[in-house]
Amino acid sequence: MSSPEPHVRSGRSSAPASGPVVAVTGAASGVGHLLARRLAESGEVRKVVAIDERRAETPGVLWRVLDVRDPAIADRLRVDGRPVDVVVHLALDLDLESDPKARTAYNVRGTQTVLTAAAAAGVHRVVLVTSAMVYGALPDNDVPLAEDAPLRATEEATGVGDLMEIERLGRRAPRAHPGLNVTVVRPAVLVGGTDTALTRYFESPRLLVVAGSRPCWQFCHVEDLVSALEYAALGKAEGEMTVGCDGWLEQEEVEELSGIRRMELPQSVALGAASRLHRLGLTPSPAGDLAYTMHPWVVSGSRLHEAGWRPKWTNEEVLAELLEEVAGRHTVAGRRLGRKDAAASLGAAGATVALVGTAALVRRARKRRGI
C-alpha cells in the first residue's frame, strides 16, 4: 500500500488547472534536478513528481523517495489515484569511475523497470535520454547527421553499450505496451557540471590528435538540454530527437579558441597504447572513446527546430565555459592526476606517450645487450 501523499508547498503562486503531471527520475541531482526545478516553475505543468533515492531542495514538487529499480515505482507514478501524464527518466549512472558491470546493471534494469511501471500505471509517454554517441563516430558519417540516421555505435566506448541497450528498450516498449509513447533525446557533448571522457579531453595540457583524423566538435549545454526536455515533456516535440548547439567546430578552431596545442600520434600507436592502458587498469577510458575525438558525429537537431526550439548557447560559448570548469584539473589519457603527477606528464597523450616511449627504450636496451 502506498503511503499518503505529503502536502507540498508550491513554488508558484498557483498551479495551472490544466497541463500535464510530469514525473522526473534522478531528480535529486544533475540534469534531473535542473529539470524538476524548471518544470515546477513552468506555467504549463500542473504538477511535478520528483523521484530519487534521496530528496533535494526543490520547491513545488511532490517527492517520491525510492530506487527506480524497485517495481513499487508503478504505484508511485500515480497522483490522487490517477497516473502521471509523462515520465522523464534521468536516473542513470554515467560515472567514469563506476564499476562497468554495476553501472550497466543499474542503467538497464532501471530503464526496464521504469518503462514497465509506466505502462502498468497507465502513463502515456516516457522520455528517455541517451546521447548522440549512439550514432557512432565514423569517418563516413554525414555532417550533420539526421535524427533517422542509423545507430552505428559499437559498445567499445564508456557507457555507450548501456545507451544502445536503453535505445533498444525504448523501441520495444511501444510494441510490448500499446498506448505507451516513447520519446528519445540524444544530446551532443554535454557540458555544465558534467564529467565525461570527452570533457576530460580538455583537462589535458595538450590535445591528442590522431593523425589523419577529422574531429568535429559539437557541444550541448545542460541548460539547452533541460529546455529541450521541457519541450519533450510538454509534447511539443516527439520521437527521436537530437539536441546541441547549432553547427560545429573543427579541431583547428578548438585549438585556437582554447589556446591548447595539439600532440599528434599515428592511429596505431594511439589506439594500441590506449587499449593497453585501459586493460592494465591505468585509465578509466577504453580505446573506443578515442573514436569520438577522431571522427565526426555532429547532429542537426532538426526535429526540435521544427517544433520552434532553439539553443541559447553557441559552441564557442560552451567551450569557454568548459575550459573554465576544468581549469586546474590535470588529466592524461582519461586519468585524473595530482599536481605532482601532472607536472611530470607529457601532454594530452601523456600516459600513452609514456607507455610507448618506455616500450621503445626497453627494445633499445635489449638490442644493445643482444637480447
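Predicted model, so just to flag it, every value in this text is computed and none were measured.

## Brief notes about the confidence of the model for the protein chain
Phase 1: Looking at the protein chain as a whole, its pLDDT mean stands at 87, while 84% of the residues score no less than 70.
Phase 2: Here residues 1–13 is a poorly scored stretch, pLDDT under 50, and it has 22 contacts once near neighbours within four places are set aside; other chains count.
Phase 3: Counting contacts from residues 339–366, a segment whose pLDDT is below 50, to residues more than four positions away or on other chains yields 41 contacts.

## Considerations on empty space enclosed by the protein
Phase 1: Counting across every chain of the model gives two cavities of 30 Å³ or more.
Phase 2: Each pocket or cavity is described by its volume, and for the second largest cavity that value is around 40 Å³.
Phase 3: Lining the second largest cavity are Ala188, Val189, Cys216, Trp217, Gln218, Trp297 and Val298.

## Considerations on the packing of helix H1 (residues 30–41) against helix H6 (residues 222–233)
Phase 1: With their axes 10 Å apart at the nearest point, H1 and H6 run at an angle of 55° to one another. Considered as vectors, H1 and H6 are oriented oblique to each other. As H1 packs across H6, the resulting crossing turns out to be right-handed. On H6, the residues touching Val31, Leu34, Leu35, Arg38 and Leu39 of H1 are Val222, Leu225, Val226, Ser227, Leu229 and Glu230.
Phase 2: The residue inventory of the contact of H1 with H6, partitioned by class, reads eight nonpolar, one polar and two charged.

## Quick word on the pattern of salt bridges
Phase 1: Taken as a whole and judged by the stated rule, the model has 17 salt bridges.
Phase 2: The closest approach of N and O atoms between glutamate 240 and arginine 186, which form a salt bridge, is 3.5 Å. Of the two residues, glutamate 240 sits in strand S13 (residues 240–243) while arginine 186 sits in strand S8 (residues 181–187), which places them 54 residues apart along the sequence.
Phase 3: The class for arginine 186 is buried, based on a relative accessible area of 0%.
Phase 4: Note that glutamate 264 is salt-bridged to arginine 262, the shortest N-O span being 2.9 Å.
Phase 5: Each of Glu155, Glu165, Arg168 and Arg172 takes part in a single network of salt bridges with overlapping partners.

## Quick word on the side chain of serine 227
Phase 1: Residue placement: serine 227 occurs in helix H6.
Phase 2: The residues touching serine 227, leaving out its near neighbours within four places in the chain, are Arg38 and Trp309.

## Let's talk about H1
Phase 1: For H1, built from 12 residues, the straight-helix expectation of 16 Å at 1.5 Å per residue is met to within 8% by its first-to-last C-alpha distance of 17 Å.
Phase 2: When H1 is considered as a whole, its buried residues turn out to be Val31, Gly32, His33, Leu35, Ala36, Leu39 and Ala40.

## Here's the deal with the sheet that holds S13
Within a sheet, each strand pairs with its neighbour through backbone hydrogen bonds, oriented either parallel or antiparallel.
Phase 1: Here seven strands make up an open sheet; going across it, the order is S3-S2-S1-S6-S7-S8-S13 and the pairing parallel. What marks the edges here is a single partner per strand, and that holds for strand S3 (62–65) and S13. Between one strand axis and the next, the sheet turns through 20° on average, direction left out of account.
Phase 2: Relative to S3, strand S2 (residues 47–52) is paired through four bridges, and the arrangement is parallel. The residue bridging alanine 50 from the neighbouring strand is tryptophan 63, located in S3.
Phase 3: In the packing of helix H3 (residues 100–121) onto the sheet, contacts are made with strand S1 (21–25), strand S6 (86–89), strand S7 (125–129) and S8, and the angle to S6 comes to roughly 180°.

Analysis parameters
Residues numbered from 1 in each chain as written. Predicted model: local features only at pLDDT ≥ 70, side-chain atom pairs only at ≥ 80, totals over all residues. Heavy atoms only, no water. pLDDT = per-residue confidence, 0-100. Contact = heavy atoms within 4.5 Å. 1 Å grid on protein atoms, 1.4 Å probe; cavity = no way out; pocket = protein on both sides within 12 Å on 5 of 7 lines; lining within 4 Å. Points joined across faces, edges and corners; volume = space filled by probe spheres on them. Axes fitted to C-alpha atoms, helices over the stretch in contact; angles between N-to-C directions. Helix = DSSP H or I, 4+ residues; strand = E, 2+ residues; numbered from the N terminus. Parallel < 35°, antiparallel > 145°, perpendicular 65-115°, else oblique. Left-handed = near helix turned anticlockwise from the far one by under 90°. Nonpolar A, V, L, I, M, F, W, Y, C, P; charged D, E, K, R; others polar. Salt bridge = Lys/Arg side-chain N within 4 Å of Asp/Glu carboxyl O. Buried < 20%, exposed > 50% of the residue type's maximum accessible area, 1.4 Å probe, protein only. Expected span 1.5 Å × (residues − 1). Pairing = 2+ DSSP bridges.

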